[in-house]
Number of protein chains: 2
Amino acid sequence: MELYTPDQTDRDILTLLQKDARLTYKELAAMLHLSKSPIQERVKRLERLGFISSVVALIDPNKFENCMISYLQVQLTNHSVNAFRLFQQEVSKLNEVLECYHTTGGFDFMLKVVARNMIAYNDFLINKFGRLDNIGTLNSSLVITQAKRETALPV
Amino acid sequence: MELYTPDQTDRDILTLLQKDARLTYKELAAMLHLSKSPIQERVKRLERLGFISSVVALIDPNKFENCMISYLQVQLTNHSVNAFRLFQQEVSKLNEVLECYHTTGGFDFMLKVVARNMIAYNDFLINKFGRLDNIGTLNSSLVITQAKRETALPV
DNA sequence: GGTTTTTGCAGAATTTAATTCTGTTGATGG
DNA sequence: CCATCAACAGAATTAAATTCTGCAAAAACC
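Residues numbered from 1 in each chain as written. Chains lettered and ligands numbered in written order. Predicted model: local features only at pLDDT ≥ 70, side-chain atom pairs only at ≥ 80, totals over all residues. Heavy atoms only, no water.

## Let's talk about helix 3 (residues 36–48) of chain A
All names here are of chain A.
Reasoning step 1: With 13 residues, helix 3 should reach 18 Å at 1.5 Å per residue; the first-to-last C-alpha distance of 18 Å fits that figure.
Reasoning step 2: Every buried residue belonging to helix 3 is among Ile39, Arg42, Val43 and Leu46, and all of these are buried. Seen along its axis, helix 3 keeps its buried residues to an arc of 100 degrees; they face one direction. Seen from the buried face of helix 3, the exposed residues on the opposite side, beyond 90 degrees, are Glu41 and Arg48.
Reasoning step 3: Where helix 3 is buried, its residues meet helix 1 (8–19), helix 2 (25–32) and strand 1 (52–59). (Helix = DSSP H or I, 4+ residues; strand = E, 2+ residues; numbered from the N terminus. Expected span 1.5 Å × (residues − 1). Buried < 20%, exposed > 50% of the residue type's maximum accessible area, 1.4 Å probe, protein only. Arc of directions from axis to C-beta. Contact = heavy atoms within 4.5 Å.)

Given below as structure tokens:
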């Protein structure tokens, strides 16, 4: 179904739009030495084919008090295929979980979790996450500061 | 300097724009039962004051082969203030590093790293990251699959 | 090899959204 | 009680997105 391979121009567009999605076609065209038409066609194609999954506003968490981030590493007790799938399903329903990765290493999953404060985080761990089946070892790494925030993938 | 506290309408706007930054003022206005003017004024203010830090296109990494993600936990050997600052400075210059968090827990930092493949990742670890001063213990968690990807903070 | 089709590009015309401007209301403060 | 400011609404203007037409080069076909 998916047989389109972005060329260099497409990848240049993606690189620019990852930094600033409010660049106009005119601006993109000027930067890439093309006219508006091919730029728009390429952007629309990249959207239609799912290379661009969405356009979002990034919020600065530091502007809001009551916002803490934690990376939570999780080891399951049962490692069957079904157990893995069920865990991912259930954890995806939790609003506090921003990201969920199945990883190699000492733990099975790495979760990015957001909470208002430590009390809310504790409540999440005990009363929401803790109620899931199949949870073994946990390891929380609370974010103190963030030195870099880069959404752009090198495409 | 920063004495503005977003009200509920502002936070509603942020919630919506975090999901889809291409909503027009007209659409936002309809959703929030206002006219275009106050919506635009609020959005512009949220941008000006830094609550909205940027608007970006999100790319689906799965559409590209040759893209692996790793979470790299780092323990420093020297924990002085200057050593911390220097590490964050230097690591922020590395293109492979998407995010860098100073965290609590067994390690000092958690880095999100992107590479084309295992060879490139190894090259990054040995020849780029490994050349930094003050590196103690390392622990790589390679991302196998991603179950959830949520950019929106609950504001 | 010549013809047709497709693809990428350019530019103009149209539609739509963003921006700017003007005015109103209601709350705040001297 | 009047002046000031903030939030809102709506109209006018400007700018961008979209759509349409056409051209030229590459690819596919006979």
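## Quick look at the sheet that holds strand 2 (residues 68–76) of chain A
Reasoning step 1: Spatial ordering of the closed barrel is given by 2(A)-4(A)-3(A)-5(B)-2(B)-4(B)-3(B)-5(A), a layout of eight strands whose pairing is antiparallel. Each strand axis lies, on average, 35 degrees off the axis of its neighbour in the sheet, ignoring direction.
Reasoning step 2: Examined bridge by bridge, strand 3 (residues 97–103) of chain A and strand 5 (residues 135–149) of chain B share five bridges and lie antiparallel to one another. The partner of A:Cys100 across the bridge, within strand 5 of chain B, is B:Lys148. (Pairing = 2+ DSSP bridges. Axes fitted to C-alpha atoms, helices over the stretch in contact; angles between N-to-C directions.)

## A look at the protein's contact with DNA strand C
Reasoning step 1: Every one of the 13 residues lining DNA strand C counts as a neighbour, but A:Ser35, A:Ser37, A:Pro38, A:Arg42 and B:Gln40 are closest to it.
Reasoning step 2: Near the protein, meaning within 4 Å, the atoms of DNA strand C are sugar or phosphate in a fraction of 62%, with bases accounting for the rest.
Reasoning step 3: For DNA strand C, a phosphate oxygen lies 2.5 Å from a polar atom in the backbone of A:Ser35.
Reasoning step 4: Between DNA strand C and A:Ser37 there is a distance of 2.9 Å, counted from a base oxygen to a side-chain nitrogen or oxygen.
Reasoning step 5: Where the surface near DNA strand C is concerned, the elements lending two or more residues are helix 3 of chain A together with helix 2 (25–32) and helix 3 (36–48) of chain B. (Near = heavy atom within 4 Å. Polar contact = N/O pair within 3.5 Å; in protein donor to acceptor, adjacent residues only side chain to side chain.)

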